[in-house]
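# Descriptive analysis of the structure
Read off the chains here:
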Number of protein chains: 2
Amino acid sequence: MNLVTIAQASAITGVSAKMIRHYESIGLIKAPLRTENRYRHYSEAELHELGFIRRSRDLGFSFEDIRQLLSLWRDKARSSAEVKAIALRHVQELDQKAAALEAMSRTLKSLAATCHGDDRPDCPILEALDLPDKEVSQSDP
Amino acid sequence: MNLVTIAQASAITGVSAKMIRHYESIGLIKAPLRTENRYRHYSEAELHELGFIRRSRDLGFSFEDIRQLLSLWRDKARSSAEVKAIALRHVQELDQKAAALEAMSRTLKSLAATCHGDDRPDCPILEALDLPDKEVSQSDP
DNA sequence: CTTGACCTTCCTATGATGGGATACCCATAT
DNA sequence: ATATGGGTATCCCATCATAGGAAGGTCAAG
């Protein structure tokens, strides 16, 4: 049983020590054993769990999602349908957010395209922000 | 000179009263005149400014960006190049964020595609979160 | 005169993360 | 023995944009 300190756990899993303590405080992981100094130390299984969390975060899952994924992960008898449902719902959210950002980007790009970008003051970008009525075209090229 | 209350200003500009007060507190807009009751009241020009801010926020600009845009907007002698630079930097940020979300979405979609999604427990999604080595494919279709 | 609908200020929360202060524990170098 | 330096503990505060609520003042209509 390899026991490691929080700094080592951080280096191994890529989760900052700050965040490891935070996960514990919000009950995402359970409190690890302590040495006599009250220093936290982590077992292989706990490191594995932290890695799972980091990879979930890398995929943009929220803590609430991760809480559910972790419980499904621990449950050997889970149905893959439950996991897939969480993943697909998240995919939908990701796609929506990406689409929203792209719409903003497209609008700004088309405004910037008609802006001289020189010393003269006239600027379609400011005009679009100025005038409510002159609806910003969502440019469908 | 039409003077309106904060609730009317909110209805007209689409900025919540909460946020209007907040913009004032962080110095994004200057403090409006008050009636004898200490009620804020807004002029046409101030409503216009609030509308400008809302449209900027709709395009995803941060308060810091908006602060700069507002000052350029007020400055009749600004160069359009300055405005364009802010807009294009923002476009770059938007595109980066969108790309990151799309990468997550693509990964999850490809994992979900190979997940049965039935009563059986085996699930490639959980396996990918489980295994650090089995690098999650970024699927280049 | 009360009711209800405004307005005011101040405090708190969100979600995920970072930063810092203060104090304790421990090993190594002097 | 002790000073130095580095890891750890807890606690508080900050971010960004927004929302909720409490507690109290103001006003018009019933």
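Just so we're clear, the structure is a prediction, and the values are computed from it rather than from any experiment.

## Topic: the domain arrangement of chain A
Per the domain assignment, the segments of chain A are domain 1 (1–59) and domain 2 (79–141). Of note, the centres of domain 1 of chain A and domain 2 of chain A, computed from C-alpha atoms alone, are 39 Å apart.

## Topic: the relation of the copies chain B and chain A
Aligned on chain A, chain B shows an RMSD of 0.1 Å; the corresponding rotation is 180 degrees and the shift along the axis is 0.0 Å. The superposition of one copy onto the other is thereby described by a two-fold rotation axis. Closest to the rotation axis within chain B is the C-alpha of B:Ala98, separated from it by 2.3 Å. Here 100% of the contact residues of chain B are again contact residues in chain A; the copies associate through an equivalent surface.

## Things to note about the protein's contact with DNA strand D
DNA strand D sits among 19 residues. The nearest are A:Ala7, A:Tyr39, A:Arg40, B:Lys18 and B:Asn37. Close to the protein, within 4 Å, the atoms of DNA strand D belong to sugar or phosphate groups at a rate of 66%. Interatomic distance of 3.2 Å between a backbone N/O atom of A:Ala7 and a phosphate oxygen of DNA strand D. A:Arg34 is positioned with one of its side-chain polar atoms (N or O) 3.1 Å from a phosphate oxygen of DNA strand D. Residues belonging to the surface near DNA strand D are distributed by class as follows: seven nonpolar, five polar and seven charged.

## Points about the interface of chain B and chain A
Across the boundary between the two partners, chain B contributes 51 residues, which contact 51 residues of chain A. Of all residues in chain B, the largest losses of buried area upon contact with chain A belong to B:Leu108, B:Leu126 and B:Leu129, amounting jointly to 16% of the total for that side. For A:Asp95, the salt bridge is made with B:Lys109, and the minimal N-O distance between the two is 3.1 Å. Here chain B and chain A share 26 residue pairs in polar contact (both at pLDDT 80 or more) between them. Within the residue set of the side of chain B that touches chain A, elements represented by two or more residues are helix 3 (44–58), helix 4 (63–74), helix 5 (80–113) and helix 6 (124–130) of chain B. Top element by residues in the side of chain B that touches chain A is helix 5 of chain B. It accounts for 20 residues. Looking at side-chain class alone, the side of chain B that touches chain A contains 27 nonpolar, 10 polar and 14 charged residues.

## Remarks on the environment of A:Phe52
Looking at the element boundaries, A:Phe52 is found in helix 3 (residues 44–58). The exposure class of A:Phe52 is buried, given its relative accessible area of 0%. Taking the C-alpha atoms as reference, A:Phe52 lies 12 Å from A:Ser71; in sequence the two are 19 residues apart. Those residues in contact with A:Phe52 that sit more than four places away from it in its chain are A:Leu69, A:Leu70, A:Trp73, B:Leu126, B:Leu129 and B:Asp130.

## A closer look at the side chain of B:Thr13
Residues and elements named next belong to chain B. Counting through the fold element by element, Thr13 comes out in helix 1 (residues 6–13). For Thr13, a relative accessible area of 5% translates into the label buried. For Thr13, the side chain forms a polar contact with the main-chain nitrogen of Val15, separated by 3.3 Å. Sequence-distant contacts of Thr13, that is, excluding residues within four places in its chain, are made with Leu47, Leu50, Gly51 and Arg54.

Parameters at a glance
- Residues numbered from 1 in each chain as written.
- Chains lettered and ligands numbered in written order.
- Predicted model: local features only at pLDDT ≥ 70, side-chain atom pairs only at ≥ 80, totals over all residues.
- Heavy atoms only, no water.
- Domains from an automatic or database assignment.
- Least-squares fit on C-alpha atoms with pLDDT ≥ 70 in both.
- Contact = heavy atoms within 4.5 Å.
- Near = heavy atom within 4 Å.
- Polar contact = N/O pair within 3.5 Å; in protein donor to acceptor, adjacent residues only side chain to side chain.
- Nonpolar A, V, L, I, M, F, W, Y, C, P; charged D, E, K, R; others polar.
- Buried area = accessible area lost by both parts, 1.4 Å probe.
- Salt bridge = Lys/Arg side-chain N within 4 Å of Asp/Glu carboxyl O.
- Helix = DSSP H or I, 4+ residues; strand = E, 2+ residues; numbered from the N terminus.
- Buried < 20%, exposed > 50% of the residue type's maximum accessible area, 1.4 Å probe, protein only.

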